[in-house]
Amino acid sequence: MVAKRKIAVFASGYGSNFEAIARAAQSGEIPAEVVLLVCDKKSARACDIANELGIESFIFTAKEYNSKQEYESAIVEQCKARGVEMICLAGYMRIVGKVLLERYAERIINIHPSLLPSFKGAHAIQDAVDYGVKIFGATTHFVDETLDGGRIIDQGAIVYEGNDIEELTNLIHKIEHNLYVKTINKLINKKF
Ligand code: GRF
């Protein structure tokens, strides 16, 4: 049996990916324990999910720190205190900086709602629709200091020719939840 790996999830908003990862860990679907939610918005639904699931959270306000370096050092302390081995970004709306990248080199991953390297940024689904795309999807990738950059780990795709952005977004989110769990499993078992 593989020992459970300690994961921190970073989120800024709704937290459906955080919830999917946390539930998969709690049900034993992935050999991991989500020991920390890091969130930069105290009103985020992700914080409520953490409470509901009994997961500790570190909620910070970036502007209360002098620099990214300073708040990332605070995050690293929180992670170290709980023995975090892997960080999963799930709708964390900040570019990760040197402090985290150096401490968790090759151990920070992200999910993005497009088939990268197309449609980076915060409006990926709308941008893809506007471009006339018919094959949509999601990508998990290693994180580097660039926006939605870093080596791709997994992708999932669907053909969608409708025009209901809400329906499409829900379909992509479903792909994301399964994909993230699959990627974490892969990473833990080093099959990548
Ligand atoms: C997801 O679409 C993810 O790919 C992107 O931000 C969104 C977060 O959604 N990075 P949620 O907060 O997990 O519901």
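Residues numbered from 1 in each chain as written. Predicted model: local features only at pLDDT ≥ 70, side-chain atom pairs only at ≥ 80, totals over all residues. Heavy atoms only, no water.

A. Quick peek at the overall build of the protein. When helices and strands are counted, the protein shows 6 helices and 7 strands. In the protein, the succession of helices and strands from N to C terminus is β-α-β-α-β-α-β-α-β-α-β-β-α. In terms of C-alpha radius of gyration, the protein reaches 16 Å, essentially the compact-globule figure of 16 Å for 192 residues. With respect to the three principal axes, the spread of C-alpha positions in the protein is 50 × 45 × 30 Å. Across the 192 residues of the protein, 47% fall into the buried class. Within the protein, contacts between residues at least 6 apart in sequence are counted, and of these 64% link residues at least 24 apart. In the structure as shown, the protein presents an accessible area of about 9,800 Å², 49% of it carried by carbon and sulfur atoms. Of the side-chain charges in the protein, 23 are positive and 25 negative, and the distance between the mean point of each set is 6 Å. (Helix = DSSP H or I, 4+ residues; strand = E, 2+ residues; numbered from the N terminus. Rg over C-alpha atoms; globule rule 2.2 N^0.38 Å. Buried < 20%, exposed > 50% of the residue type's maximum accessible area, 1.4 Å probe, protein only. Contact = heavy atoms within 4.5 Å. Areas by Shrake-Rupley, 256 points an atom, 1.4 Å probe, with all protein chains shown as cover. Lys, Arg positive; Asp, Glu negative; His and termini not counted. Charge placed at Lys NZ, Arg CZ, Asp CG, Glu CD.)

B. Representation of helix H1 (residues 16–27) within the structure. In this model, H1 (12 residues) spans 16 Å end to end at C-alpha, consistent with the 16 Å of a helix rising 1.5 Å per residue. Counting buried positions over the 12 residues of H1 gives 9, a clear majority of the element. Listed in full, the buried residues belonging to H1 are Ser-16, Asn-17, Phe-18, Glu-19, Ala-20, Ile-21, Ala-22, Ala-24 and Ala-25. For H1, the secondary structure elements touched by its buried residues are strand E1 (5–11), strand E2 (32–39), helix H2 (45–53), strand E4 (86–89), strand E5 (108–112) and helix H6 (165–188). Remark: Gly-28 follows H1 within two positions and exhibits a positive phi of approximately 85°. (Expected span 1.5 Å × (residues − 1).)

C. Representation of the environment of Lys-63. Its location among the elements puts Lys-63 in the loop between strand E3 (57–59) and helix H3 (68–81). Linking Lys-63 and Asp-40, residues 23 residues apart in sequence, is a C-alpha distance of 10.0 Å.

D. A look at the pairing of E2. Within E2, 7 of the 8 residues are buried, which leaves the element mostly enclosed by the surrounding structure. Pairing geometry for E1 and E2, over 7 bridges, is parallel. By the bridge assignment, Ile-7 is partnered in E2 with Val-34. Viewed along the sheet, the connection from E1 through H1 into E2 turns out right-handed. Bridge count between E2 and E3: 3 bridges; the pairing is parallel. In the sheet register, Cys-39 faces E3, and the bridge partner there is Ile-59. Note on the crossover from E2 through H2 to E3: the handedness is right-handed. (Pairing = 2+ DSSP bridges. Right-handed = clockwise from strand over helix to strand, strands pointing away.)

E. Summary view of H3. Its 14 residues place the ends of H3 20 Å apart at the C-alpha level, agreeing with the 20 Å of an ideal helix rising 1.5 Å per residue. In this fold, the buried residues of H3 make contact with E1, E2, E3, E4 and helix H4 (98–103). Within two residues after H3, Gly-83 carries a phi angle of roughly 70°, on the positive side.

F. Spatial organisation of the pairing of E4. Of the two faces of E4, the one holding Met-86 and Cys-88 and the one holding Ile-87 and Leu-89 are both buried throughout. As defined by bridge partners, E1 adjoins E4 across 4 bridges and the pair is classed as parallel. By the bridge assignment for E4, Val-9 is matched with Cys-88. Assessed by its sense of winding, the connection that carries the chain from E4 through H4 to E5 is right-handed.

G. Representation of the nonpolar core in the model. Residues Phe-18, Cys-88, Ile-109 and Ile-184 are the most contacted members of the largest nonpolar core, which totals 35 residues. Every element with two or more residues in this core is listed here: E1, H1, E2, H2, E4, E5, strand E6 (135–142) and H6. Among the elements that line this core, the one with the most residues is H6, at 7 residues. If sequence neighbours within four positions are ignored, Ile-184 has contacts with Ile-7, Ile-21, Ile-30, Cys-88 and Ile-109. Counting 23 residues, the second largest nonpolar core, distinct from the first, contains Phe-60, Tyr-71, Ala-74 and Ile-108. (Core = buried A, V, L, I, M, F, W, Y, C linked by side-chain atoms within 4.5 Å.)

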